[in-house]
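Here are the chains, one letter per residue:
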Protein chains: 4
Amino acid sequence: MLANDFNDNVGQRSSPVRSLRTRLFKTRAYTEKLTEHLSAEDQTVQAMDDASPTKWHRAHTTWFFEEFVLEPHLKSYKRFNDRFHYCFNSYYEHVGPRHPRPLRGLLTRPSFEEVCKYRLHVDTGLVNLFNHYGLNLPQGISELIELGINHEQQHQELILTDILSLFASNPLRPLYNKDYFLGLEIDNRCEPEWLKLSTDIYKIGHAGNNFHYDNEGPEHAALIQSFKLCDRLVTNFEWLEFINDGAYKIPTLWLSDGWYTVRTLGWEAPGYWEMVDGSWYQMTLAGLCPVRMEAPVSHVSYFEAEAFARWAGKRLPTEYEWEVAARAYPHKLKQTYSHAWQWTSSSYSAYPGYKPKVGALGEYNGKFMCNQYVLRGASHATTSGHCRVTYRNFFYSKARWQFTGLRLAGDIK
Amino acid sequence: MLANDFNDNVGQRSSPVRSLRTRLFKTRAYTEKLTEHLSAEDQTVQAMDDASPTKWHRAHTTWFFEEFVLEPHLKSYKRFNDRFHYCFNSYYEHVGPRHPRPLRGLLTRPSFEEVCKYRLHVDTGLVNLFNHYGLNLPQGISELIELGINHEQQHQELILTDILSLFASNPLRPLYNKDYFLGLEIDNRCEPEWLKLSTDIYKIGHAGNNFHYDNEGPEHAALIQSFKLCDRLVTNFEWLEFINDGAYKIPTLWLSDGWYTVRTLGWEAPGYWEMVDGSWYQMTLAGLCPVRMEAPVSHVSYFEAEAFARWAGKRLPTEYEWEVAARAYPHKLKQTYSHAWQWTSSSYSAYPGYKPKVGALGEYNGKFMCNQYVLRGASHATTSGHCRVTYRNFFYSKARWQFTGLRLAGDIK
Amino acid sequence: MLANDFNDNVGQRSSPVRSLRTRLFKTRAYTEKLTEHLSAEDQTVQAMDDASPTKWHRAHTTWFFEEFVLEPHLKSYKRFNDRFHYCFNSYYEHVGPRHPRPLRGLLTRPSFEEVCKYRLHVDTGLVNLFNHYGLNLPQGISELIELGINHEQQHQELILTDILSLFASNPLRPLYNKDYFLGLEIDNRCEPEWLKLSTDIYKIGHAGNNFHYDNEGPEHAALIQSFKLCDRLVTNFEWLEFINDGAYKIPTLWLSDGWYTVRTLGWEAPGYWEMVDGSWYQMTLAGLCPVRMEAPVSHVSYFEAEAFARWAGKRLPTEYEWEVAARAYPHKLKQTYSHAWQWTSSSYSAYPGYKPKVGALGEYNGKFMCNQYVLRGASHATTSGHCRVTYRNFFYSKARWQFTGLRLAGDIK
Amino acid sequence: MLANDFNDNVGQRSSPVRSLRTRLFKTRAYTEKLTEHLSAEDQTVQAMDDASPTKWHRAHTTWFFEEFVLEPHLKSYKRFNDRFHYCFNSYYEHVGPRHPRPLRGLLTRPSFEEVCKYRLHVDTGLVNLFNHYGLNLPQGISELIELGINHEQQHQELILTDILSLFASNPLRPLYNKDYFLGLEIDNRCEPEWLKLSTDIYKIGHAGNNFHYDNEGPEHAALIQSFKLCDRLVTNFEWLEFINDGAYKIPTLWLSDGWYTVRTLGWEAPGYWEMVDGSWYQMTLAGLCPVRMEAPVSHVSYFEAEAFARWAGKRLPTEYEWEVAARAYPHKLKQTYSHAWQWTSSSYSAYPGYKPKVGALGEYNGKFMCNQYVLRGASHATTSGHCRVTYRNFFYSKARWQFTGLRLAGDIK
């Protein structure tokens, strides 16, 4: 969970509209702060199809407010540039064609300066919107702004994962921020503790009116067999034992698709690990550093997490198990939101009774419910205030460029 | 469910060993009967990576008995040819390297005649094994033979799906069997009936000692919300409405990965459909025939099934819902095993407490539990006796060469 | 140059029409003799896109006579099967669409037996044609038949190169003919002799009325600088020195495209070479045999031939140099037509004044005059009577499945 | 031929060293002038593997002087940054490994500012070198500097072709320079004149001591048949007739590889042409403009040029014919260096007696002599002073991003 310099408690004493407004502009400002040390060049390029350029993230989150908040709800608003709609729509089929994702890194225009102006233009529009409605801001608009805030927070994490993938591809191995250090005070050398839960019917999913994504609901009951969950994440030290045991060479430890991926992509260690003069180093946001053995492992794929659990004689938890344990042991379950997202064995799918919204925003989550796996918790790059026990993150089983680790589970006989 | 000429009730009056022996050789003979009209050439080629040649299926099912039954359990047995181990191992990493799957269709040697001799050699070995042990056949061997029978039955269906893919790729559109007709007496033009089940805890999975694959257990309880399930499969007529409504051109009807697949592969109709002089025809085992509108649709992918359900305002059932309904309404749920496997919305994964076997046979199911979707029921090509209410078939979400259709489900509010 | 059992001197005492007829049916019969030991399965499959199945070669050469001789010139002729036009047209855009080349190996139908009948049907048509016209066979038809004979002879060599590529891909390493041995009596261990020619204007290309392909003409004069040409081919022994000198690992020995190919395809030795227990073996038509060091190297690409010449401090000859030397030293230039086609440094292009024929047969050679390199001479697999000093064979620079070697050249200062 | 603002006649009155020095720094300055309006972002990205980023061009031409001039010949010189060797080596295998070409566009570091400093650092080094040697600059160093000048001039043209490919991929269709207009005063609507040459022995290639690339020599005699050459280039108007005649849909007009390319890449017009509201536009350095019908066609591949010539009943000239005619008719042969490079039918290969230099600079031309075709003349983007009658440019047969057109030739009977 990323330290966020902004003071977030002003809104609690004032009206919900004022609070919303404060949080909105803090979020907008925080994006700029996160990217202020990146040059125009750094912000333009993408190192792989899955990652997007910083500039694109900054423009896309801005377009989101333009498209879904200002255009429909503020008559006086004029679009900054009609072509931006094509450039910065991510995946919303309802609102028209768009620039192909793998080509986002070719957009040297609009320029960095233009995108700064675009952000300012939309921020001004948002100010005007608040002024126009005052404290009578309709609930529907308020919800859209809330969604826009959370959407931008998601992209704040992606800005970091994507710039890391760019810098890792650069032979000069540049750093994002030398003070950005992965889990400084962690000591996981001690034996983990296993938290136990017994067979029962548990509530799963988000209830109440606080903000949450549609995929976190509806709340529903599930019968869950007894299980145990490890109180901390798997460490780099433990992962090194896995490597040294030859695990990346032993097909029977892997899912069939996982083994294919390991061989095809030549994996021998987690993402961003490289051997330098006989020692393991890892490319991080602070540059190329020796692997810190006591820290949680990161940049492992679902395939690797799943194979590690098998090798360890354990298994990954289901997302239900994770959520139940996190509710039951809020203090004893460590590193829940602080280091790396935690792979679960649950394929990403709809909860019983799930209905996506009508229209473009219905595409936000629902259409991705296929062939991806759920991660729970949060990472050190997740923006403060963007963590929840019901939060469902999801990626393809071979993705490694996110801050992704694992927490082991097991059956109780 | 395929008509199987063999009389299967002999064993019921006699000992389990005699019964096993009878079923074994019936199964072996049935494979030969299924393929007797295919030339050596037809049996050698594969039309795509996923499909295997008939000759390979015949040899691989034979190798399975040689490798797992005869070699470890009959001292007098001599392997037919040591190189066959490399040629006909499918995916068992525990037992060594193997010929790559996409190259199976290049194996003009061993020849058709050699493979016939190989089958005979192993059949003789199996006769010797039964003679050697008599009625005292150890339980472990008996279970391996039972697995081999079921394994060969699975390949009997694959022989049919794979030869269809080969013949469909041939400009002469040859037929497998002119009498092989898809669902002759079906009339699905009447309105479907919806079978309802209420919220409760249900038993899921296989219990008892009858043969079943390890992935069907362990039996366990699950809390299932109320739902309804359609008593029949979706028909070609209904699918044509979906096509004519432009569904293959409307991105918002599809999962994100599904829409990518539709565009990339240029899908406009189910697999094997082709437009001839303004009418839809379908390549079948009986050759190229007009699409029979009242019959259940087949050769649709998970992506298409899922999109159809959305278009129809319904959804796919989970595999649990399917199983619960099939148990609750054994007579009212129609076309359960008779026409096409039925896609469910469940990603293929382990049941709670699942433990794969140790060794090579542990690879039978477990290592495929990723990125595939479960199908329930059976198809007209499934060998008689190979259907169960707990049976879990699975394929990737874009697979269309199997006999795969769908049955709609819905929530009850 | 392949030993051809047929006696070819009958025609010399009789009329040209009788001679043509004799050669035609000898050629047709020789194709069958070449393939008589290959099973229907062997004849059906192709191991790579460039190679075609034996059955396809047999049908395509037959279609050539049907399409260009019988259909236009024998009224009573009825096509054997109208769909064969689509199946067995190779690349003639003028006469319509055709089955894609990489899918030829999927044509299990028409069957082996059907193709035998097809050959017989067309042979009968050709007999009828000769009977119909008698000794008055028009010159135009006679020329088409002559082209058909030469066309079928080309495919006779391809049948051998293509079956070798199939058998080499088979883990059982089957053999085509155990007596088929590569250059039995060759001894190239002695030092080569260099044949010299001085700067002059030379005639290049085919003159006169004997059969030749259009690409061999028109005859024209060319000014050629003095040069020397080696009297024998490069041997396997010499190639092994090239390998042992690390040549496959040294980028500066290679053309840029060649080095890319070496790295991408992982080449470390000529095609079909494999290391068995520390010794080099080579897959041949006689099966897997130890590399015969004194024999000419074969199965090397243009890239390899060009790199070898650079490594040896020599160069490849131009096709003009080759032709001039072969005319000047018919007896001193050895292994001209007996072992392997010889790469030249000449890109395949039109001679000055070249005009392809109008219509489909104009596609025979002209449209391939781009990005391929000329080979001169002939190989041990070339049908007897199919060699000429003006013959221009051509393949892409990375092709290795043909019987291709090299002969060195050098400048004279 | 690009207008070059710099006055180039100073050196003629002074020593060759002074002249070299003047031309060197003019060339260096001209690169900066060409790129001064491009932002850091524009300079960082590549739109396709074949094209390089502006920043990379600027750094690579600088590295060329550092690597081949300063490092070996100026003891006091210190490399700017040791890692730049890896980043900015283009293809010189002799001097070590290098950053892969398709990843040049990911190099956001070194930054634009760093590259400016790098250029300054090397320019300073070059000043020091001149000061160190004074008028006694050794011939060897002088030749290396001359090569470096010409090398940088080549990259000046590539900067323009590559930035055009980037801007053409941008949905905003930005322009490089609004005053940059393609062939403003051209009027090719009149009938072309055919220049004739008779059969003779002609001199080909560069003689004398003036700068030229090694591939332009050695000078040698060639016997050339009589031919005619068109005095002007093919126009957009003529190309439109080719399009409107359906040429892009008629397979028999094309080389086999060309037709494959047309279908695979979906070509329907020259590169950068697009239909807007029923009219043809073309993306140019001045932005998206209506196609100027009377101007020479540009951005056509070898495949298209060759097909056009066939369609027109003519042919492409050989490079020898082009050179002979350009020498014979220096005034009557129009548009020789002013608009577009002109495809010839000659595959790029070594002249008789060609020997590449020893060492890295021997890689400059020789290793590309395979599967490319020679273009003669120059384009409007070629730097002034970089044109010669013996100049041999070369590209692959499907390349279209260069300024490439054609001039027709024909036989004289």
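A brief structural summary. The structure displayed is predicted, hence computed values, not measured ones.

Definitions and cut-offs
Residues numbered from 1 in each chain as written. Chains lettered and ligands numbered in written order. Predicted model: local features only at pLDDT ≥ 70, side-chain atom pairs only at ≥ 80, totals over all residues. Heavy atoms only, no water. Contact = heavy atoms within 4.5 Å. Buried area = accessible area lost by both parts, 1.4 Å probe. Salt bridge = Lys/Arg side-chain N within 4 Å of Asp/Glu carboxyl O. Polar contact = N/O pair within 3.5 Å; in protein donor to acceptor, adjacent residues only side chain to side chain. Helix = DSSP H or I, 4+ residues; strand = E, 2+ residues; numbered from the N terminus. Least-squares fit on C-alpha atoms with pLDDT ≥ 70 in both. Pairing = 2+ DSSP bridges. Axes fitted to C-alpha atoms, helices over the stretch in contact; angles between N-to-C directions. Core = buried A, V, L, I, M, F, W, Y, C linked by side-chain atoms within 4.5 Å. Buried < 20%, exposed > 50% of the residue type's maximum accessible area, 1.4 Å probe, protein only. Expected span 1.5 Å × (residues − 1). Arc of directions from axis to C-beta. Disulfide = S-S within 2.5 Å. Phe/Tyr/Trp six-rings, centres within 6.5 Å; stacked < 30°, edge-to-face > 60°. Lys NZ or Arg CZ within 6 Å of the ring centre and 35° of its normal. Parallel < 35°, antiparallel > 145°, perpendicular 65-115°, else oblique.

The subject of this paragraph is the interface of chain D and chain A. Contacts between the two partners involve 28 residues from chain D and, on the opposite side, 28 residues from chain A. Counting the surface lost from both chain D and chain A, the interface buries some 2,300 Å², and carbon and sulfur atoms represent 58% of this. Where chain D packs against chain A, one counts four salt bridges. Among the ionic pairs, A:Asp42 bridges to D:Arg109, the shortest N-O distance being 2.6 Å. For the pair chain D and chain A, the number of links is 14 residue pairs in polar contact (both at pLDDT 80 or more). Looking at the side of chain D that touches chain A, the elements with two or more residues in it are helix H4 (84-88), helix H5 (112-133) and helix H6 (139-168) of chain D.

Another point: the relation of the copies chain C and chain D. For the pair chain C and chain D, the superposition axis carries a translation of 0.0 Å, the fit reaches an RMSD of 0.0 Å, and the rotation angle comes to 180°. Such a turn and shift between the copies fits a two-fold axis. The residues that chain C uses at the interface reappear at the interface of chain D in 100% of cases, marking a shared surface.

Another aspect to go through is the sheet that holds strand E12 (residues 409-411) of chain B. Residue and element names in this part refer to chain B. Pairing within the open sheet is antiparallel, and its three strands lie in the order E1-E4-E12. Two strands in the sheet have a free side with no partner beyond their single neighbour: strand E1 (194-197) and E12. This sheet shows a mean twist of 25° between the axes of neighbouring strands, independent of strand direction. As paired strands, strand E4 (residues 227-230) and E12 are joined by three bridges and run antiparallel to one another. Residue pairing for E12: Leu-229 is matched across the bridge by Ala-409. Contacting E1, E4 and E12, helix H10 (residues 319-328) crosses the sheet at an angle of about 75° to E4.

With that out of the way, let us pick up the interface of chain C and chain D. Between chain C and chain D, the residue contacts involve 31 residues of the former and 32 residues of the latter. Of the roughly 2,400 Å² buried between chain C and chain D, counting both surfaces, carbon and sulfur atoms make up 54%. Per-residue buried area on chain C facing chain D is highest for C:Leu223, C:Cys370 and C:Asn371; these three make up 20% of the total on that side. The tally of links between chain C and chain D comes to two salt bridges.

On to the nonpolar core. In this structure, A:Ile145, A:Trp239, A:Leu406, D:Ile145, D:Trp239 and D:Leu406 are the most contacted members of the largest nonpolar core, which totals 189 residues. Residues contacting A:Ile145, with those up to four places away along its chain left out, are A:Leu20, A:Leu24, A:Phe65, A:Val69, A:Leu129, A:Phe130 and A:Leu137.

The subject of this paragraph is helix H5 (residues 112-133) of chain B. All names here are of chain B. Taking 1.5 Å per residue, 22 residues should reach 32 Å; H5 reaches 32 Å between its end C-alpha atoms and fits that length. Of the positions making up H5, those classed as buried are Val-115, Tyr-118, Arg-119, Val-122, Asp-123, Gly-125, Leu-126, Leu-129 and Phe-130. Mapping the buried residues of H5 onto a view down its axis gives an arc of 155°, with all of them on the same face. Within H5, the exposed residues directed more than 90 degrees away from the buried face are Leu-120, Asn-131 and His-132.

What follows concerns the state of the cysteines. Under the definition given, this model contains zero disulfides over all chains. The thiol of B:Cys116 is unpaired, and the distance to the nearest cysteine sulfur, on B:Cys87, comes to 16 Å. Take B:Cys116: its relative accessible area is 28%, and that puts it in the partly exposed class. Sulfur of D:Cys370: no disulfide; nearest cysteine sulfur belongs to C:Cys370 and is 12 Å away.

Here the focus is the pattern of salt bridges. If charged atoms from side chains of opposite charge come close, those side chains can pair. Applying the stated criterion across every chain, the model contains 124 salt bridges over all chains. For B:Glu71, the salt bridge identified is with B:Arg79, shortest N-O distance 3.5 Å. Given the relative accessible area of 39%, B:Glu71 is considered partly exposed. What emerges from the salt-bridge pattern is a single network uniting A:Arg28, A:Glu32, A:Arg58, A:Arg119, A:Asp123 and A:Glu152.

For the structure shown, the criterion picks out 136 aromatic pairs over all chains. Consider the rings of C:Phe242 and C:Trp254, whose centres lie 6.3 Å apart with planes at 45°: the pair is tilted. Here C:Trp254 lies in the loop between helix H7 (236-244) and helix H8 (256-265) and C:Phe242 lies in helix H7, a separation of 12 residues in the sequence. Among the residues examined, C:Phe242 registers a relative accessible area of 0% and is labelled buried. On the basis of relative accessible area, C:Trp254 is assigned to the buried category, the value being 2%. When the ring centre of A:Trp267 is taken as reference, the NZ or CZ atom of A:Arg400 above it lies at 4.0 Å. The ring of D:Trp194 is capped by D:Lys228, whose NZ or CZ atom sits 5.0 Å from the centre of that ring.

It is worth spelling out the packing of helix H2 (residues 16-35) of chain A against helix H5 (residues 112-133) of chain A at this point. Residues and elements named next belong to chain A. One can describe the packing of H2 onto H5 by two numbers: an axis separation of 11 Å at closest approach and a directional angle of 175°. Regarding the angle of H2 to H5, the classification is roughly antiparallel. On the side of H2, the interface is formed by Val-17, Leu-20, Arg-21, Leu-24, Phe-25, Arg-28, Thr-31 and Glu-32, while H5 contributes Arg-119, Val-122, Asp-123, Leu-126, Val-127, Phe-130 and Asn-131.

Sheet strands pair by backbone hydrogen bonding; their relative direction is either parallel or antiparallel. All names here are of chain D. Strand order in this open sheet of four strands is E10-E9-E8-E11, and the pairing throughout is mixed. For this open sheet the edge positions go to strand E10 (393-396) and strand E11 (404-405), each flanked by a neighbour on one side alone. Sheet analysis places strand E8 (residues 341-347) next to E11, joined by two bridges and oriented parallel. Directly across from Gln-342, in E11, lies its bridge partner Gly-405. Sitting on the sheet, helix H10 (residues 319-328) touches E8 and strand E9 (372-376), and the angle it makes with E9 is about 10°.

Moving on: the environment of A:Leu197. Residues and elements named next belong to chain A. On the secondary structure map, Leu-197 appears in strand E1 (residues 194-197). A C-alpha to C-alpha distance of 6.2 Å links Leu-197 and Lys-228, two positions 31 residues apart in sequence. Other than its neighbours up to four places away in sequence, Leu-197 contacts Tyr-202, Ser-226, Phe-227, Val-324, Ala-325, Ala-328, Tyr-329 and Ile-412.

With that settled, consider unusual backbone geometry. Here the bond from A:Gly217 into A:Pro218 is cis, since omega is 0°, no more than 30 degrees from zero. In this structure, A:Pro218 sits in the loop between strand E2 (200-204) and strand E3 (220-224). Cis geometry is found at the peptide bond from C:Arg109 to C:Pro110, where omega equals 0°. Within the secondary structure layout, C:Pro110 lies in the loop between helix H4 (84-88) and helix H5 (112-133). The phi torsion at B:Gln335 lies on the positive side, around 55°, for a residue other than glycine. Mapped onto the elements, B:Gln335 comes out in the loop between H10 and strand E8 (341-347). On the basis of relative accessibility, which here comes to 11%, the residue B:Gln335 falls in the buried class. Although it is not a glycine, C:His299 sits at a positive phi angle of roughly 60°. Along the chain, the position of C:His299 falls in the loop between strand E7 (287-290) and helix H9 (302-311). Residue C:His299 is classed as buried on the basis of its relative accessible area of 1%.

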